[in-house]
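# Coordinate inspection notes
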Amino acid sequence: MFDFRRKKYNTVEDATVAEALLQNKLPLGNYSFRLHSWRNEPHMLKETPSAWVTVNGVPNLNAFRIKLRDGMHIEPQSKRRLSFLIARHSRAGFYYRHFYYINSIRHFFLNFIRKINDYGGNAASIPEDAGISELDFKSSEVLRPRTFVIGAGRAGIGVLSALEDEDVLVADVLPEEIIKRRIEAMSLEDFQSNNLFHGSRKLLADTTVFAAEGEHLFAAVCGYNKIYFIKPERTFLCTGAEDIKPLFPGNGIPGVISGQTLIRYPFLAKGASYPLLYLENSIPLSTLKMLSDAVHFSTVVVRRADDKYISEVREMLNAEVLRGNVSSAFGARHVETVKIQSEGKSSYMRCDLLVISGRKQPRIELASLLKLKMSYSTHYSMPVPQTDGRYRCSETIHACGSLLSPSPDALLQGIAAAEGREEEHSESMEKVETGSGMICFCMDVDAEDIEYMAENGYSTLNRMKRFSGLFMGPCQGARCFRNAFEKFEECTGKEIDMPTIRPPVVPVFIGALALADLEEVSGGKEH
């Protein structure tokens, strides 16, 4: 047993605090003042203030890193009293600093608001009897691989399988066990997964590449407690694309999650009696297998796919497959019902877990930090890295896979990129009219806000950002670029350029950055 806000809850065996809170349907996430409800998207939750909790009286602890123990006392880090009173009646993107400009009162209000909301608290040493381990910050390290592959998805594995040189470094945000499951699910006949990493081939799992300087990159590993400075001779960008939610009413309700979120946090499916899988487009069967390993779907809704693919899905999942789309989701604290449009008819279906996959947004943050040329993609309705026709962006940087377009087989693209072959272009996808719903889950911006900005002359991204806070949350636009661009283009008929992206592209502990040895990074000693 553990208690949260002075109420008792059952523990989950070998779980983190975050897992226990989410499984008990407790609000670990952003609060929507417009919807007056909680949103829990675990893929980004670990980087939001709501993921920081006070455990046994010790503040500033990440709920995704602390293992749950029997008898733990857990409290939310921010009680948000003042935010609830004011922001409930404000537009999306409310930020208290917008409303005072006089230096003499600024510091007073800043300290007052922080105090009344319990923001941050005071740093405290962890008592020996608290049952909590401190963050293990380690030293920085300089790595000089011949080839650096960012992303161990299908494109990254394709690159790795085609490379003959031994000195290869691969980094991926997922834990090592998920990467191994992903490779096994591919059912590759040409090579065995256990032969991919051998000798001087090194895998950095649980690692985020968060910044770039010239063509050199910074990476933070496993909870951002260790910093790598990577100086490769050549780099392959295989960052792929993020599963994002399409626009429809109720897409921000807890229990509506992306496919990648379920793969990374399969515990979210525990206890789901009526799970439903919604595919906006066809996805690799290997990804489909990983989703089905987490939970058995009795119903699958597919929006765009050919008859052969639908037949393969039906056979693999042994489930009912409907052609159509999910147009709405309903529920107060959690999704309860969804509305499905199929063959011109509307129907309602009971659902307590809606998993969405097949709608992708390319991860272009690193390409922007590396100052690569970008070109507008009709597939994604947003800029992507520009290549020379052989997957090469510059003399030392290559890009391939779903970072460039929704490739039918990113594995073959990765092999072609490593061998320097000509690119195969995907067919253009039909434009789909966008709907209403949440766009930015960090800053509480929805489709109505984009329409308002378009009607009132907010025609540049800087103006949109300043008005609404769009792209300025913890995910830095990684989950809202495409939906925002498509909605803006639909309202105005204009394409829009990418905003300026600044490092770090994900939050990083100051303690980890402080350990980076500048002399070492600039070319001094190496490990």
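### Quick word on the overall build of the protein chain
- Regarding its fold elements, the protein chain presents 16 helices and 30 strands.
- Looking at the protein chain as a whole, 54% of its 527 residues qualify as buried.
- Look at the contacts in the protein chain between residues 6 or more apart in sequence, and 63% of them connect residues 24 or more apart.
- Counting only carbon and sulfur atoms, one obtains 48% of the accessible surface of the protein chain, whose full area is about 24,900 Å².

### Overview of the sheet that holds strand β22 (residues 337–342)
- The 3 strands are arranged β21-β22-β23 in an open sheet whose pairing can be described as antiparallel. The open sheet has two free edges, formed respectively by β21 (325–330) and β23 (345–350), since each of these has just one partner strand. Averaged over neighbouring strand pairs, the angle between their axes works out to 25° when direction is ignored.
- Pairing between β21 and β22: 5 bridges, direction antiparallel. When the bridges of β22 are listed, A329 appears paired with V338.

### Points about the packing of aromatic side chains
- All chains considered together, the criterion is met by 8 aromatic pairs.
- Aromatic side chains F471 and F481 sit 4.9 Å apart centroid to centroid with 45° between the ring planes, which places their arrangement in the tilted category. A residue pair is termed long-range when its members are at least 10 positions apart, and F471 in the loop between α13 (461–468) and α14 (481–492) and F481 in helix α14 qualify at 10 residues. A single burial state applies to F471 and to F481, both of which are buried.
- Counting every residue linked through ring pairs, the aromatic cluster contains Y452, Y458 and F467.

### With respect to the side chain of S328
- Considering the arrangement of structural elements, one finds S328 in strand β21.
- S328 gets classed as buried once you look at its relative accessible area, which sits at 11%.
- If we ignore the near neighbours within four places in the chain, the residues touching S328 are F248, P249, T337, V338 and K339.

### Some points on the pattern of salt bridges
- The tally for this structure, following the rule as stated, stands at 18 salt bridges.
- Residues E280 and R303 are paired through a salt bridge, measuring 3.0 Å at the closest nitrogen-oxygen approach. Taken together, the positions of E280 in strand β18 (residues 275–281) and R303 in strand β19 (residues 299–304) put the pair 23 residues apart, joining distant regions of the chain.
- When salt bridges that share partners are traced, they join E242, R363, E365 and R479 into one network.

### Concerning helix α5 (residues 154–162)
- Those residues of α5 not exposed but buried are A155, G156, I157, G158, V159 and L160.
- At its buried positions, α5 is contacted by β9 (147–150), β10 (168–171), α6 (176–185), β15 (234–237) and α11 (410–419).

### Side note on the environment of T387
- Along the polypeptide, T387 turns up in the loop between β27 (382–385) and β28 (397–399).
- Setting aside its immediate chain neighbours within four residues, T387 contacts R392, C393, A399, L404 and E423.
- Side-chain polar atoms of T387 contact the side chain of E423, separated by 2.3 Å.

### Section: the environment of F481
- For F481, a relative accessible area of 1% puts it in the buried group.
- In this structure the C-alpha to C-alpha distance between F481 and F471, which are 10 residues apart in sequence, comes to 7.3 Å.

### What to know about unusual backbone geometry
- At Y391, a position not held by glycine, the phi torsion is positive, near 65°.
- Tracing the sequence through the fold places Y391 in the loop between β27 and β28.
- The phi dihedral of F471 is positive, around 70°, even though this residue is not glycine.
- Judged by its relative accessible area of 5%, F471 is buried.

### Quick notes on α14
- Along its 12 residues, α14 runs 16 Å from first to last C-alpha, staying within 8% of the 16 Å computed at 1.5 Å per residue.
- In terms of burial, α14 is largely enclosed, as 9 of its 12 residues are buried.
- Where α14 terminates, the next one or two residues include G493, which has phi positive at roughly 75°.

### Here we look at the nonpolar core
- Within the largest apolar cluster, 135 residues are counted, with the highest numbers of intra-cluster contacts made by F2, V17, F210, L237, L277, V300 and L470.
- Apart from the residues lying within four places of it in its own chain, the contact partners of V300 are L277, L279, V313, L317, A319, E320, V321 and L322.
- By size, the runner-up hydrophobic cluster in this structure holds 14 residues, among which are F248, V301, A329 and V335.

### With respect to the confidence of the model for the protein chain
- Summing up the model confidence of the protein chain, the mean pLDDT is 78 and the portion of residues at 70 or higher is 75%.
- In the predicted structure, residues 133–137 sits below a pLDDT of 50 and forms 11 contacts with residues beyond four places in sequence or in another chain.

### Brief notes about the pairing of β10
- Here β10 shows no split at all, with V168 and V170 on one side and L169 and A171 on the other all buried.
- Running through α5, the crossover from β9 to the neighbouring parallel element β10 is right-handed.
- Across 3 bridges, the pairing between β10 and strand β11 (residues 202–204) is parallel. Each bridged residue has a counterpart across the sheet, and for V170 the counterpart in β11 is L203.

### A closer look at the side chain of R359
- Relative to the helices and strands, R359 is located in the loop between β24 (353–357) and β25 (360–362).
- Within the local environment of R359, its side chain forms a polar contact with the side chain of E486, the two groups lying 2.6 Å apart.
- Once residues within four sequence positions are removed from consideration, R359 is found in contact with E242, D243, I244, K245, P246, E280, R482, N483 and E486.

### Remarks on the sheet that holds β28
- One open sheet holds the 5 strands; their spatial order is β11-β10-β9-β15-β28, and the pairing between them is parallel. Strands with a single pairing partner mark the edges of an open sheet, and in this sheet they are β11 and β28. Sheet twist, expressed as the average angle between the axes of neighbouring strands with direction ignored, equals 15°.

### Side note on the packing of helix α8 (residues 285–294) against helix α9 (residues 307–317)
- Closest axis-to-axis distance for the α8/α9 pair is 11 Å, and the angle between their directions is 30°. Comparing the axis directions of α8 and α9 gives the class roughly parallel. When the axes of α8 and α9 are compared, the crossing they make is right-handed. Contacts between α8 and α9 involve L285, L288, K289 and S292 from the former and Y309, E312, V313, M316 and L317 from the latter.

Criteria and cut-off values
Residues numbered from 1 in each chain as written. Predicted model: local features only at pLDDT ≥ 70, side-chain atom pairs only at ≥ 80, totals over all residues. Heavy atoms only, no water. Helix = DSSP H or I, 4+ residues; strand = E, 2+ residues; numbered from the N terminus. Buried < 20%, exposed > 50% of the residue type's maximum accessible area, 1.4 Å probe, protein only. Contact = heavy atoms within 4.5 Å. Areas by Shrake-Rupley, 256 points an atom, 1.4 Å probe, with all protein chains shown as cover. Pairing = 2+ DSSP bridges. Axes fitted to C-alpha atoms, helices over the stretch in contact; angles between N-to-C directions. Phe/Tyr/Trp six-rings, centres within 6.5 Å; stacked < 30°, edge-to-face > 60°. Salt bridge = Lys/Arg side-chain N within 4 Å of Asp/Glu carboxyl O. Polar contact = N/O pair within 3.5 Å; in protein donor to acceptor, adjacent residues only side chain to side chain. Expected span 1.5 Å × (residues − 1). Core = buried A, V, L, I, M, F, W, Y, C linked by side-chain atoms within 4.5 Å. pLDDT = per-residue confidence, 0-100. Right-handed = clockwise from strand over helix to strand, strands pointing away. Parallel < 35°, antiparallel > 145°, perpendicular 65-115°, else oblique. Left-handed = near helix turned anticlockwise from the far one by under 90°.

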